[in-house]
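Per-entry structural report
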Amino acid sequence: MHKVDRLAQPESLKKNAKKWTVDLLAEVPKHSTFNDIPQKFVDKYRQEDVK
């Protein structure tokens, strides 16, 4: 087993995680696969402080 030291949650994630998740999950039934979901919903999690 490895010990993992978690960093504090990034500020942008603290402020926006709930809304981003709701927005992303709302897109899932509209598309047949995750790859079909528009990038603007997925890219929110690719911010520099979240990576």
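Below is a summary of the structure that appears in this document. Everything numeric here is computed off the predicted structure, so don't read it as measured data. (Residues numbered from 1 in each chain as written. Predicted model: local features only at pLDDT ≥ 70, side-chain atom pairs only at ≥ 80, totals over all residues. Heavy atoms only, no water.)

1. A few points about the overall build of the chain
Test applied: Strands here mean DSSP runs of E at least two residues long; helices mean DSSP runs of H or I at least four residues long; both are numbered from the N terminus. Both definitions apply: the radius of gyration is a C-alpha atom measure, and the globule rule equals 2.2 Å times residues to the power 0.38. Between buried and exposed lies partly exposed: a residue is buried under 20% and exposed over 50% of the maximum accessible area for its type, with that area taken using a 1.4 Å probe on protein chains only. In what follows, residue pairs with any heavy atoms lying within 4.5 Å of each other are defined as contacts.
Helix and strand counts for the chain come out as two helices and zero strands. For 51 residues, the compact-globule estimate of 2.2 N^0.38 gives 10 Å, and the C-alpha radius of gyration of the chain, at 14 Å, exceeds that figure by more than 25%. Every one of the 51 residues in the chain was classed for burial, and the buried ones make up 20%. Counted over contacts in the chain with a minimum sequence separation of 6, partners at least 24 positions apart contribute 43%.

2. Description of the pattern of salt bridges
Selection criterion: Salt bridges are defined by distance alone: a side-chain nitrogen of Lys or Arg within 4 Å of a carboxyl oxygen of Asp or Glu.
Per the counting criterion, the structure on display carries five salt bridges. The shortest N-O distance in the salt bridge between D5 and K3 comes to 3.8 Å. Assessed through its relative accessible area of 60%, D5 is described here as exposed. You can call K3 exposed: its relative accessible area is 73%. Its salt-bridge partner being D43, residue R46 comes within 3.0 Å of it at the nearest N-O pair. Residue D43 is classed as partly exposed on the basis of its relative accessible area, which comes to 35%. What you see here is one network of salt bridges that share partners, running through K19, D23 and K44.

3. Notes on helix 1 (residues 11-27)
Side chains that are three or four residues apart share a direction in an α-helix, a result of its 3.6 residues per turn. Which entries qualify depends on this criterion: To estimate the expected span of a helix, count its residues, drop one, and scale the result by 1.5 Å. Two axes enter the definition of the bend at a residue: one is fitted to the seven residues ending there, the other to the seven starting there, and the bend is the angle between them.
The first and last C-alpha atoms of helix 1 sit 24 Å apart over 17 residues, in line with the 24 Å expected at 1.5 Å per residue. The principal kink in helix 1, of about 60 degrees, is found at A17. Of all the positions in helix 1, only S12, L13, W20, D23, L24 and E27 are classed as buried. Among the structural elements, helix 2 (39-42) are those in contact with the buried residues of helix 1.

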